Amino acid sequence: MFKDFKESVKSFMEHDPAARSPIEIILLYPGFKALRSHKKAKWFLEHNMPFAARYISQRTARRTGIEIHPGATIGKRVCIDHGTGIVIGETTEIGDDVMIYQGVTLGGTGKDVGKRHPTIENGVMIGAGAKVLGPIRIGRNAKVAAGAVVINDVEPNSTVVGVPGKVVRIDGERVDDLDQINLPDPVMSEIKRNSLKIEELERKIKELEDDK
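Residues numbered from 1 in each chain as written. Predicted model: local features only at pLDDT ≥ 70, side-chain atom pairs only at ≥ 80, totals over all residues. Heavy atoms only, no water.

Asks: Where do I start with the pairing of strand β14 (residues 158-161) in this structure?
Replies: For a regular strand, the rule is simple: side chains alternate between the two faces of the sheet. Going residue by residue along β14, you find S158 and V160 tucked away on one face and T159 and V161 tucked away on the opposite face as well. Summarising the sheet, strand β12 (residues 143-144) and β14 pair through two bridges and their orientation is parallel. Residue pairing for β14: V144 is matched across the bridge by V160. (Buried < 20%, exposed > 50% of the residue type's maximum accessible area, 1.4 Å probe, protein only. Helix = DSSP H or I, 4+ residues; strand = E, 2+ residues; numbered from the N terminus. Pairing = 2+ DSSP bridges.)

This is how it looks when you write it as structure tokens:
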């Protein structure tokens, strides 16, 4: 348990350049507090005390602005940056080394039963304001851009942008120097490709007209 605690603090230190000391994270960071409270809430839920579990989760939501259902499964070294407005649903599964920014929703669509919420694999980054909805899977090391709305599975090492979310594969590999905002736009890329095709067709038409 102490090892897990230390790893969590270290993860926050590594991901947040504004963090000055471990004690600052432990005492002041709402994301850290919400994750630690979730562990308590989940313990009560697993020991058939659902009211106590929900009480802890709702009290934490009021204090931190981060609502995590006690039933959610969260792995190691998960980091929540700022965290205000984050909602994580009951059947959500989050792997290790996941980075979640403020305003993220890991929620349901309202039409599913049983497994209603996403599965987030190891190493995923979810940008500010992104919505990941339904029992879908976000593959290992994928990146979800700020403001994206994702309703379909995402392959590992992919990048998702836009509304609805569109996947951009970047050489099949994770690109570590991209942040949550400066990500490729597949719609703009398609527009640029079409513009180049139109220019090429116009050039050929002009050549034909000149030959006449």
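Asks: Honestly, a nonpolar patch on the surface in this entry has me stumped. Any pointers?
Replies: The grouping of I23, L27 and L28 at the surface amounts to a nonpolar patch, some 320 Å² of accessible area in total. With respect to the helices and strands, L28 occurs in helix α2 (residues 22-28). The class of L28 is exposed, set by a relative accessible area of 58%. (Patch = residues over 30% accessible without salt bridge, like charges linked within 9 Å, V, L, I, M, F, W, Y side chains within 5 Å. Areas by Shrake-Rupley, 256 points an atom, 1.4 Å probe, with all protein chains shown as cover. Salt bridge = Lys/Arg side-chain N within 4 Å of Asp/Glu carboxyl O.)

Asks: Please clarify how the packing of aromatic side chains should be interpreted in this entry.
Replies: Note on aromatic pairs: each is described by the distance of the centres and the angle between the planes. All told, the structure shown has four aromatic pairs when counted by the stated rule. Between the aromatic rings of W43 and F44, the centroid separation amounts to 5.2 Å while the plane-to-plane angle is 85°, which identifies the pairing as edge-to-face. Given the relative accessible area of 44%, W43 is considered partly exposed. With relative accessibility at 25%, the residue F44 sits in the partly exposed group. (Phe/Tyr/Trp six-rings, centres within 6.5 Å; stacked < 30°, edge-to-face > 60°.)

Asks: In this structure, what is going on with the sheet that holds strand β8 (residues 119-120)? I would like to understand it.
Replies: Across a sheet, strands are paired by hydrogen bonds formed along the backbone, either parallel or antiparallel in direction. Within the open sheet, the four strands sit side by side as β2-β5-β8-β11. Their pairing is parallel. The outermost strands of the open sheet, each flanked by one partner alone, are β2 (73-74) and β11 (137-138). As paired elements, β2 and strand β5 (residues 93-94) share two bridges and run parallel to each other. Looking at β5, one finds that I74 is bridged to I94.

Asks: Even after reading the chapter, I still don't get the nonpolar core, so can you show me in this structure?
Replies: The tendency in soluble globular proteins is for nonpolar side chains to be buried side by side. I68, I94, L106, I120, I126, I138 and V150 are the most contacted members of the largest nonpolar core, which totals 39 residues. Listed by contribution, the elements that provide at least two residues to this core are α1 (2-15), α3 (30-46), β3 (79-80), β6 (99-100) and β9 (125-126). Element by element, the count of residues in this core is highest for α3, at three residues. In contact with V150, not counting residues within four places along its chain, are K131, V132, L133, I136, I138, V144 and V160. (Core = buried A, V, L, I, M, F, W, Y, C linked by side-chain atoms within 4.5 Å. Contact = heavy atoms within 4.5 Å.)

Asks: I keep staring at unusual backbone geometry and nothing clicks. Help me out?
Replies: A negative phi holds for most residues other than glycine; trans holds for most peptide bonds. Here the phi dihedral of H82 falls at roughly 65°; this positive angle occurs in a residue that is not glycine. Notably, N141 is not glycine yet its phi reads approximately 65°, a positive angle. Here N141 shows up in the loop between β11 and β12.

Asks: How do you make sense of the sheet that holds strand β13 (residues 149-150) when you look at a structure like this?
Replies: Within the open sheet, the five strands sit side by side as β1-β4-β7-β10-β13. Their pairing is parallel. Only two strands of the sheet have a single neighbouring strand rather than two, namely β1 (67-68) and β13. With two bridges joining them, β1 and strand β4 (residues 87-88) adopt parallel strand pairing. Each bridged residue has a counterpart across the sheet, and for I68 the counterpart in β4 is I88.

Asks: Help me understand the environment of Q102 in this model?
Replies: The residue Q102 is located in the loop between β6 and β7 (105-107) in this model. Along the backbone, Q102 and G65 are 37 residues apart, and their C-alpha atoms lie at a distance of 9.6 Å. Beyond its immediate stretch of four places on either side in the chain, Q102 contacts D81, H82, G83, T84, I86, A128 and G129.

Asks: Sorry if this is basic, but what is going on with the packing of α1 against α3 here?
Replies: Geometrically, a packed helix pair is captured by the angle between its two axes and the distance between the axes. Following both chains from N to C, one finds α1 and α3 inclined at 155°, their axes separated by 11 Å at the closest point. The angle between α1 and α3 falls in the class roughly antiparallel. Classified by chirality, the crossing of α3 by α1 is right-handed. Packed against α1, whose contacting residues are D4, F5, S8, V9 and F12, the element α3 presents G31, F32, L35, R36 and K39 at the interface. Residues of the contact of α1 with α3, tallied by class, amount to five nonpolar, two polar and three charged. (Axes fitted to C-alpha atoms, helices over the stretch in contact; angles between N-to-C directions. Parallel < 35°, antiparallel > 145°, perpendicular 65-115°, else oblique. Left-handed = near helix turned anticlockwise from the far one by under 90°. Nonpolar A, V, L, I, M, F, W, Y, C, P; charged D, E, K, R; others polar.)

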